[in-house]
Amino acid sequence: MAESDQNSDDKSGIELRKQNRRQELAKQQQKAIKTAEKITEQMIDLGKVANADDPQAIFDKQWKGFDKALKADNSCKTARNYAHAYNAAVKIIQQKIEELELPISFPRYIVIGKRAEHFRTQEWFLNGKVWYQVYQDWLTGFNQPKPIDLKDVLLSLILQNGIVEKAVLQHIINQLIKRQLVIHELHKLPFILLESEKIDGFATNVQVGDIKQTQLLKFLSPITARLITLLDIDAGHSQDFDILLRGVLLDNRYTFEQISQQKKLNAALYVLEHVKGFDVSEMMLAIMQGRPKSYSLPLANWQVISQNRCNTQIHIKKLAPALPQYESKPTKNQNKLLSIKIKKLFDSLDNQKLGKTQLAKNFELLIAELQQINAPTNELALVQWLASKQKTCKPSSIHTYSNRLSNRWLALTDELDLDSFDEEDYEALYEELLNLAKNESAKQDLATLIDDFHSFLVINFDAVSIAPLSTGSKQHHKTAYVSETMFQTVLAACDMLDLTEHDKNNLKITLIMAHRLGMRIGEITKLRLKEISPMLEYCEIRDNQLANNKSTSALRRLLIQLMLLQSEFDLLRQVYESRKLSKHTTLIATESGHPLLKSSFSQQITMLLQQVTGLYNLSTHSLRHSGISNLQLMRFLTDDDYTHLAHPAIDALQALMPYDKETAKNIITTIFSKLAYQDNYAIAGFAGHAHPNVSFESYIHFTDIMLGILLWHCDYQLTTEQAKNMLAIPRRNLNIIDHQERFNDYIFNKIKCQPLPALKTKTINKASKPKKQKFTFDTVKALLSSFGTEEFEIQRNYFNVPVETFNQWLGNANKLKTETRFFTKNHKSRLFIDDNLWVNNKKLTAFEGKINAKLITNFRKHFNNPKHQENLAFFVMYILTNSLVSDATLNFDNVHDLQKFMKAVNCLEMNENTYLSVHHLTAQPKVLQKQWQTTWKKLAKNHVSYHDTEQRKRQPIVKLAIMENKDANKRQILSYFASFVFIMMGETIEKYV
């Protein structure tokens, strides 16, 4: 008999059908690939592409036709066959483009992910039934009195709580052996806190000082917590965890399937599934097995949430505005063929082994080429990093590193601006990069490379530092949550800040969008008005000219009107309408319409969160975590299967929500489908994640307390004898066993849990006084420009300007327009070209904006000082009464006027950009010359020029101008500044003149 026939005879019918199915799928896949090759040959003409005026456009058109034909072919009807066929065609095209060296970009591969194996395998069920027998026998053992030993606690943890991760069990048992385990209470739920710098298989999630550690909250059933308090540590069994576990798994009475210890432990969830009252999703069961991991909130975070403690002293700097993209960032030129060029770096000549000298020369040429075309950071950094490895690695090793990282890196960072990345941006990028690895071993190898590469970015490209990803030093998950009480306190704190109403609104809207919609800070700062629906029902998160999304999965639509409270929605509408009237591009912007610099804005919000809550692990990203966690909470609290549950913890969780039950139900009905298994993908879609695992592992933090609530409501159906002997219930109280609520209350009271430690920070007892309202030039401009139109009241309400304040501005503006002191001898306005304007509408250049900001800052800083008031008031009035619309210079013919003016220039720190042109001075007496020259002694010599062409005696004249440098144009910024100062505080200015 042939060997193949022999093997076939040995296989069961199920195995044979699996084998035949695999063979049939392989045949279909090969047929699809051949079809793709044939269609490629027919439809892609690279010769025509090479000779075209616009080769990229011609190629894109051909590829679109190819793709349409491929989808129409019967052999490519399944998604998997289509993907394999498509990728085969991409490979062919890549090779041909490389051979012809065509300057076009080609399609990327479709990533074919292997579907995660279902944990309910045949072995899982078989082992689950064995565990069920173990459980029944264990309970039967309590039909007679017996002391509680470590094995009893271990079995209760596994079978009655579903704690099946070996590393967690080991940590708990070791703490028990050392007599260090403490049972705490949170909202009448018992839990144990596991704290360690290392728990195998877990990342760290808390930073205490400089030390990163793992904190896990494991909520327990009241029965298990009671067993721990009754434990006789010296009774019966070994005090070594491994021996104790093997004693359970290798007990001769039970026959487990021969698989790993962890897989055997996972199957123990079969028992808990059959306990009355325990009803969870498949995703929850997978999380309980550690696939994926789910991380608890830090204990300090729970303290703030449950005790509502906040700080009162808040100090925050002024927000730093961003320049328009075309002014702040030079154009970068991408190299679409870079992946091919990197591959060619390692090509040897004449089939010879590639030497170090040749490789160094190859790198030198490619780096020079990238620098010459001003390549983006992602491309230049990659090549320079690979080149830097020549100092320590052989060419073959560098080639291996390139193969592992280059293509993936270039694909994921395509068109991303690494120069604007913050810590969380890098973490999200690397997380997506690691998800492309085939297995855990490949993931570790890639993580090690990424750590080295990022260190290079930090040193050479000023990237921010992040926690290492490889397991030499553990990955770190930042777990944090901002409750509704905390969030409202932070919003209220915005009104206490020493900021303009506009900047306060920027803060508030960003806080609201991040917390309610789970948006990234970068998504908020780049959100354009046209990406928001006109009625504000939704916004779309998509690539635009300001910035690209962090991944393809980040493209999504978020329901604004559904998720925001009415007061928040009203504020958003007010801001949105004001931005439209001001013709701004983005929702979040400076008053002059410039998008905000994401990094500095994020730092301000982080500072605000930390100071208000006293939690220094919070960051801007914590708001996003909170929004996504809130969606999980709402799904749990509105689930029809759980609405009958009653417990203080449920009330506490409900208090974390901003919505009433009806609104929360409406949100869940809208976002989630009727199919329960799609819930996890709905959460991932809301968050902009490619897979639910990313959401649950890094962003969702209430899984543990939800399990605690369900464990509380489990009915383990103990007999009277079992309850008496297991839990030490006196005979007189045995009647409570049939009343689950009374039974749990009784057991809980016997446990005597320790409450959470009280925080030292003080509670806010009374509201702080709001800061005096600040207004800016842009506020004045917006209101005076819209005065007399329908838009005026919208702008006045948005900027929160009292009527009496505006009337004061209007009166001062009227003085500038009508009083003769602000006119020339020819009755022409010194300040306005158009008599119909109430305010100077000049659009400032970047340099003028910088000068204006400096003038405002220093004027505010010094005007309240009596020493400077007179000179600063003179400075403003001299400009207003001597400037000309058509001339950017100020003329001085009186030395005393110039003296007072220059004192103000020094005070305002304007010497760097003040230039003087001096006429007819050398013909004056020496004493008079010295008197004039003393006025500009603090200016650099090259800032003063002398013009004395005529020797006859004439009155000295000094012409003053503001310039970026000696050879630049004169800037008419002083009259702009002075006119706004007078409009806002004219009465005060005139009092000191």
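Residues numbered from 1 in each chain as written. Predicted model: local features only at pLDDT ≥ 70, side-chain atom pairs only at ≥ 80, totals over all residues. Heavy atoms only, no water.

The protein is annotated in an unreviewed UniProt entry as Tyr recombinase domain-containing protein of Enhydrobacter aerosaccus.

(A) Up close: the environment of Trp 809. Mapped onto the fold, Trp 809 is located in helix α38 (residues 803-818). The exposure class of Trp 809 is buried, given its relative accessible area of 2%. In this structure the C-alpha to C-alpha distance between Trp 809 and Val 780, which are 29 residues apart in sequence, comes to 7.7 Å. Not counting residues within four places of it along the chain, the set of residues in contact with Trp 809 comprises Phe 775, Thr 779, Val 780, Leu 783, Val 801, Ile 983 and Met 984. (Helix = DSSP H or I, 4+ residues; strand = E, 2+ residues; numbered from the N terminus. Buried < 20%, exposed > 50% of the residue type's maximum accessible area, 1.4 Å probe, protein only. Contact = heavy atoms within 4.5 Å.)

(B) Examining unusual backbone geometry more closely. For the bond running from Arg 291 to Pro 292, omega is 10°, close enough to zero to count as cis. Of note, Pro 292 is situated in the loop between α13 (282-288) and α14 (299-307).

(C) Representation of the sheet that holds strand β1 (residues 183-186). The mixed open sheet is built from 5 strands, whose spatial order is β3-β4-β2-β1-β7. Looking at strand neighbours, the two that pair on one side only are β3 (206-208) and β7 (754-755), the edges of this open sheet. Two strands pair when backbone bridges link them, and β1 and strand β2 (residues 189-196) are joined in this way by 4 bridges, in the antiparallel orientation. Across the sheet, the residue bridging to His 184 is Phe 191, located in β2. (Pairing = 2+ DSSP bridges.)

(D) The pattern of salt bridges, seen in detail. Inspection of the entire model under this criterion finds 27 salt bridges. Among the ionic pairs, Glu 369 bridges to Lys 341, the shortest N-O distance being 2.5 Å. Residue Glu 369 is located in helix α17 (residues 356-372), and its partner Lys 341 is located in helix α16 (residues 338-345); the two are separated by 28 residues in the primary sequence. On the accessibility criterion, Lys 341 (28% relative accessible area) is partly exposed. Residues Glu 568 and Arg 516 are paired through a salt bridge, measuring 2.7 Å at the closest nitrogen-oxygen approach. (Salt bridge = Lys/Arg side-chain N within 4 Å of Asp/Glu carboxyl O.)

(E) Highlighting the packing of helix α22 (residues 484-494) against helix α27 (residues 598-613). Close contact between α22 and α27 brings their axes to 10 Å; oriented N to C, the two are set at 115°. Comparing their axes, α27 and α22 come out roughly perpendicular. The way α22 lies across α27 gives a crossing that is right-handed. From α22, Met 486, Thr 489, Val 490, Ala 493 and Cys 494 reach across to α27, where they touch Leu 608, Leu 609, Val 612 and Thr 613. In the contact of α22 with α27, the residues fall into 7 nonpolar, 2 polar and no charged. (Axes fitted to C-alpha atoms, helices over the stretch in contact; angles between N-to-C directions. Parallel < 35°, antiparallel > 145°, perpendicular 65-115°, else oblique. Left-handed = near helix turned anticlockwise from the far one by under 90°. Nonpolar A, V, L, I, M, F, W, Y, C, P; charged D, E, K, R; others polar.)

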